[in-house]
Each structure stands twice: as structure tokens, then as C-alpha cells.
Amino acid sequence: MGHPTLEFSDCYLDSPDFRENLKCYEQELERTSKFLKEVIKDGNSVINAIKAYSVAVQKFSQTLGVFQFDFIGDSLTDDEINIAQSFQEFSGLLQEVEHDRMMLVQNASDLLIKPLEKFRKEQLGATKEKRKKFEKESEKYYSQLDKHLNLSSKKKETQLQEADELLEKERVNFYESSVEYVYQIHQVQDRKKFDVVEPVLAFLQSIVTLNNLTVEMTQDFMPYKQELQLSLQNTRNHYESTCEEIEELMNRMKHRSQIEKMQSFLPMEGYLYCQEKWALGMSWVKYYCKYHKEDKVLVMIPCEQKTTTKQGLMQLTLITCHRRKTDSIDKRFCFDVETIERLALSEGDRKLWMEAMDGKEPIYHSPIHKQAEMELNEIGFKFVRKCINYIETKGAKQEGVYRTVGSNIQVQKLLNAFFDSANPGDDDLHRSDLDVKTVTSALKFYLRSLSEPLMTHGLHRELICAAKSDNLDFRISEIHSLTYKLPEKNREMLEMLIKHLVNLCSLSKENLMTPSNMAVIFGPTLMRAQEETVAAMLDIKFQSIVVEILIEEHKKVRRSSLEECMDWVGVNYIFKLQLHFQLSTFDYNSIMILVHETTKFLHNTSDELSSTAAAVCMHVSETEHRGEGRGG
């Protein structure tokens, strides 16, 4: 409920009710003054906090912006490039947001603090001054009134008249100050409704505007965020698929037989201790040595530098190498090279050095049993077709198909039954005791156990280089081209598998297996480096890119498409020319590659067929001319 209205006429009455009402208004003004003090104080705290927050975020964004990712390998995948640039994207977004925030901080004082301080100083300050004047004039008036009432009636008429005039003057001053004070109270009460609310509204509006801008920036950032999340998931999948392979390689490399095998590679290198003469006698000095067998050059790099002498790299030409007799020296594992005695790290190390240098120490190797390998033959094709039929019939919509792994015992049982030498290929996969993950694991095991990977060692490096290309169009066309260089059986098996994977990926909403997810699994299944190294393991992500392209661009690698194209340009005519001119180098595969090379740069224009035919005919004409030149 509001306060009673202060009427100007009440100023002349100056009744107790008027004074009581006046006191209520004064208390309200005191409360308003305290409120404004708190608002100004807290407003400054908010502004300083925003400023400190903005400075901290800008420092954070600068830290993100200057960081550069270092990756292993000579090329990055598109996902890795996206991840490498992510911190710069984050930094740019934060800088843009904080730029607008700092603009808010700079204007916040003008929007909020200064208007409130101005109202408190000018309006509330003026009211206090009016109140002081009112109280002073009130005291003077009532003091004069008391004196006037106590005057004796025996006073002279002139004295009484002067007293009346003085009292009237004080009354007028009192009334004026009272009316002005009431007027000022009304002014403050009315002005505070907008003079106080407007600055707060303006400040809040600026905050809301900043938040709206942030929301808009966030919405603009969403497509990049989603793309980055996909890149992160793909990279995580590549890591998980590669991690196990690298760990297995590490464990194999730690095996004693593998260490000896690696040490036997030429050029031989490692640590040797050499006996040298010093001022106080003989001393064994540690060197890192490399022996190049073709040139018989032993390079020695000192590892224990003496402060008193300067020792540099030494190159020695080997003349002889023989084992040192045990009773001729008190050290084990010794052998002589020229005139300098060498001390190896162990008996095995000495044997390796002497073998590399054609020394006289005999070397014995343990036989290595080669692991049984699968073959890409009729039985293999039959097995793959049955597996595909079973998976597409019973497990096409199963979540994580090919990702979930079956029991090793069940997988081996299935493989042994199907590839039984007595009745190969007779096993029925549709029996009740098989589950989908056993069949998928068996199919992957068969493909990984081929004596040569399906996409061959010979094309491995070319396919990896194509996957590393920055140009997506070239990447697709080059991989397309290389698939036609595969042997006939390999290409037929690849087409069958890719068609199968396309069918499964078309159901990715149910089985959650996108082309990218499927490629992570089948990259190392269909491709394999000839030599297992860490670098080869790191290239697995590019193997996945190759398979992902084959799945997503499956129409370009289907053989039927190329055969239709061959019909368009007149294969029969080309074969007739080949027969007529006996062109031994112009075979069917070269025609297929030629047609592809011609068509891959066309962009589905209306004259595509005629351009392709013209290119093939030009090649035939040139070949025909060369045939005539040879008298063909």
C-alpha cells in the first residue's frame, strides 16, 4: 500500500499528520539511497568480474591459438587435419565472443554506474538540501512564534508591530521551504521510477544482446562442431584398431628371436668397446659402430668423450676379422679387427658382428616354421559367398555387425570344418549352432590369412599415396584406377566384398555401421604392408580411407560399369584391330585402364561417351601406326 499524498496546502497547516507523512517519505528516500549504493557497488563488482573473466578467456584463447599439433608420419588424414586446426577454430570463436564482451564492459559504466550516481547525487542530494532548509526554517519560525507569544501586552505599539512583522516574515520563509521540500519529494518519487530503472534495463539489455550474439555464434559453430566430433570419433576408431596391431608388433619385436633377426640386418650397427692405449695403460673405450659390408667400411663414433683429448668420427677399412682366443685376454666376447681389439656386448652380439664382417666364428640359425596361409582359390570364393549370404540373411541389421568379435574356438571350428581337406567347402553355415559374429570373425580371419593381402603388396604403396592426396577428386579417381590393376581373382573378390559392405552400410540406422566405421575394420583386413613396422601401422588410417572410398564410391569400382563403358567405345572393334595388327602389348587390361584414365576427368557431360570413344580410337590409331612402322 502506498504512502498518503502530500498536499501543498498541508504545508500551511503543518499538522502532526503532515509531519508523520513527511517522515514516511523521508524514510523511503533513505531506503532508496541505500539501495542505489548497493546497486552501484554490486554493479561495479559484476563489471569487474566480467572484465576479469573476459581477460582470462582471451588468455585461454591465445594459448589455444599458438599451439600446433605434431603428428607421426608424412601425411595427415582429413580428420587429422580437421583436428589439427581445431584449436585455432576454438581460439577464433572465443576471441570473437570476448571482443563483444569487452565492448559491453567498456560501455557498462556509462550505461549503469554513471546514471545511478548522477540520480543519487543530483536528485537525492537536492532533496537532502531541501530537507535541511525546511528543518532550519521550521526551527526559526517556531522559535520566533514562541517569542512572539511571550511578548507583554504592555509593550509599545511600535514594538508589537515590529514583532508581528518579524513573525510574518519567518512564517513566509517556513511556508516556502515547506512547499519546496514537498515539491522536491514529489520530484524524486516520480523520477526514480525511470531514472533508476532505465540504466539497469540498458545494462541488462546489453547482457541479453551479448548472450543472443553468443547463441548465434554457437549456432554458426554447430556444423563445425558436428564435423569435428565425427573426425574425433573416426580418429578414436583408427586408434583403437591400430593400437592392438602396434602392441602385437611391440611384443614380437621384444622376442629374443626377433631381436637377433633385426640385428642381423645389414648394415650391422651397435655398441663396441675398443681397447686403446693411454698414458697410464690400456683402456676400453665405448664406440657406436656401423659396418657397411659392401665397402668393408667400419664407422666408429665415440660415446665417451675425454676432456683432455679431441676424438672424432673414425672410418676404418676392414682387412681381417677373427675371434680372439680366450686365453689371450681376460675379457669375454672379444674379436680382432685390424690392430684394434673390439669387445662386444655379449656372445650373441659378437657372433653378429663377426658374421657381418665375414669373421671365422660359425653362425647357427634356428629353422623358422612358416605359418599356414589361406589361398584365394575356388574354395575361398565359396566360403566368402556363403559367409556373405549368411550375414545378409541373419545379421544385416544386427548392431555392430563386423565390429563385435566371435569366440576364437568357434571361429577355428568353423574354418577347420569348411577347409577340411577331405570335404572342402561342404560345411553348412546355416546350422543352428552358429551366430553372426562367429561368421563375420571367420570371414575377416580368412581375408587376413591370405598369403598376400587382397589388394596386394605391389599396389599397397600406390594406394596409400593416393589416400594421402589433398585433392579429393584425385584421391577417388586414383584409387578407382588402381583397383583395375589388381589380378582378376583379387578384383572379383574385392567387388563381391564391397557390394556386401555397401548393402550393410545402407542399413546403418539399424546396425550403426557407417562406411567410415566399416572401413576401420576392413582397412587392415584388405590391405597389409609387406614389412611390419610402426610406420606401416600408422598408415592403417589411410588403408581405412581407401576402403571407405571404395564403399562410398562403389558404383565407380563395379566392374559392370566399366564393361558397359567398354561396350560404348567398341571393344569388339579394338580387339579386331589387335588381332589384325598383332599388337602383343595392347591387351584387355590396358584397354580398361586406358578407358578409365580417359573418363575419370570427365564430369558427366552429355558428350562423355563420344570423348571417351575418341580417346580410345586415337590410342588405337597410334598403335596401328606403330604396327605399320614395324611392318605389322
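Coordinates for the structure precede this section.
Bear in mind that the values here come from a model prediction, so they are computed numbers and not experimental data.

Comments concerning the packing of helix α4 (residues 86-149) against helix α5 (residues 157-195)
Then step 1. The interhelical angle for the contact between α4 and α5, taken along N-to-C directions, is 160 degrees, at an axis separation of 8 Å. Regarding the angle of α4 to α5, the classification is roughly antiparallel. α5 is crossed by α4, and the crossing has left-handed handedness.
Then step 2. For the contact of α4 with α5, the class distribution of residues is 17 nonpolar, nine polar and twelve charged.

Points about the pairing of strand β3 (residues 297-302)
Then step 1. Judged by how many residues are buried, β3 sits mostly within the fold: five of six residues are covered.
Then step 2. Where β3 meets strand β4 (residues 314-317), four bridges bridge the pair, whose relative direction is antiparallel. Counted as the bridge partner of V297 is T317 from β4.

What about the packing of aromatic side chains?
Then step 1. One pass over the full model with this rule turns up 19 aromatic pairs.
Then step 2. Ring geometry for Y141 against Y142: centres 5.0 Å apart, planes inclined by 65 degrees, an arrangement best described as edge-to-face.
Then step 3. For Y142, a relative accessible area of 32% puts it in the partly exposed group.
Then step 4. Here the aromatic rings of Y402 and F522 are separated by 4.9 Å at their centres, their planes lie at 75 degrees, and the arrangement is edge-to-face. One end of the pair, Y402, is in the loop between α9 (378-394) and α10 (408-418); the other, F522, is in helix α16 (residues 515-526), and 120 residues separate them in sequence. You'll find Y402 and F522 in the same group, each marked buried.
Then step 5. Against the face of Y271 rests K286, its NZ or CZ located 4.5 Å from the ring centre.
Then step 6. The side chain of K468 reaches across the aromatic face of F542, ending 5.2 Å from its centre.

Considerations on helix α11 (residues 436-448)
Then step 1. Taking 1.5 Å of rise per residue, the 13 residues of α11 would be expected to cover 18 Å, and the 18 Å separating its terminal C-alpha atoms lies within 8% of that figure.
Then step 2. The element α11 is extensively covered by neighbouring structure, given that ten of its 13 residues are classed as buried.
Then step 3. Among all positions of α11, only V436, T438, V439, T440, S441, A442, L443, K444, Y446 and L447 are buried.
Then step 4. Tucked into the core, α11 has its buried residues touching α9, α10, α14 (488-505) and α16.

Thoughts on unusual backbone geometry
Most peptide bonds are trans, and most residues other than glycine sit at a negative phi.
Then step 1. Its identity as a non-glycine residue notwithstanding, D14 has a phi of 50 degrees, on the positive side.
Then step 2. Position of D14 relative to the elements: it lies in the loop between α1 (8-13) and α2 (16-66).
Then step 3. For D14, a relative accessible area of 10% translates into the label buried.

Quick look at the side chain of R475
Then step 1. Checked against the element boundaries, R475 lands in helix α13 (residues 472-483).
Then step 2. Judged by its relative accessible area of 4%, R475 falls in the buried class.
Then step 3. Each residue touching R475, except ones within four places of it in the same chain, is listed here: D78, A466, A467, S469, D470, I545 and I549.

So, how was this worked out
Residues numbered from 1 in each chain as written. Predicted model: local features only at pLDDT ≥ 70, side-chain atom pairs only at ≥ 80, totals over all residues. Heavy atoms only, no water. Axes fitted to C-alpha atoms, helices over the stretch in contact; angles between N-to-C directions. Helix = DSSP H or I, 4+ residues; strand = E, 2+ residues; numbered from the N terminus. Parallel < 35°, antiparallel > 145°, perpendicular 65-115°, else oblique. Left-handed = near helix turned anticlockwise from the far one by under 90°. Nonpolar A, V, L, I, M, F, W, Y, C, P; charged D, E, K, R; others polar. Buried < 20%, exposed > 50% of the residue type's maximum accessible area, 1.4 Å probe, protein only. Pairing = 2+ DSSP bridges. Phe/Tyr/Trp six-rings, centres within 6.5 Å; stacked < 30°, edge-to-face > 60°. Lys NZ or Arg CZ within 6 Å of the ring centre and 35° of its normal. Expected span 1.5 Å × (residues − 1). Contact = heavy atoms within 4.5 Å.

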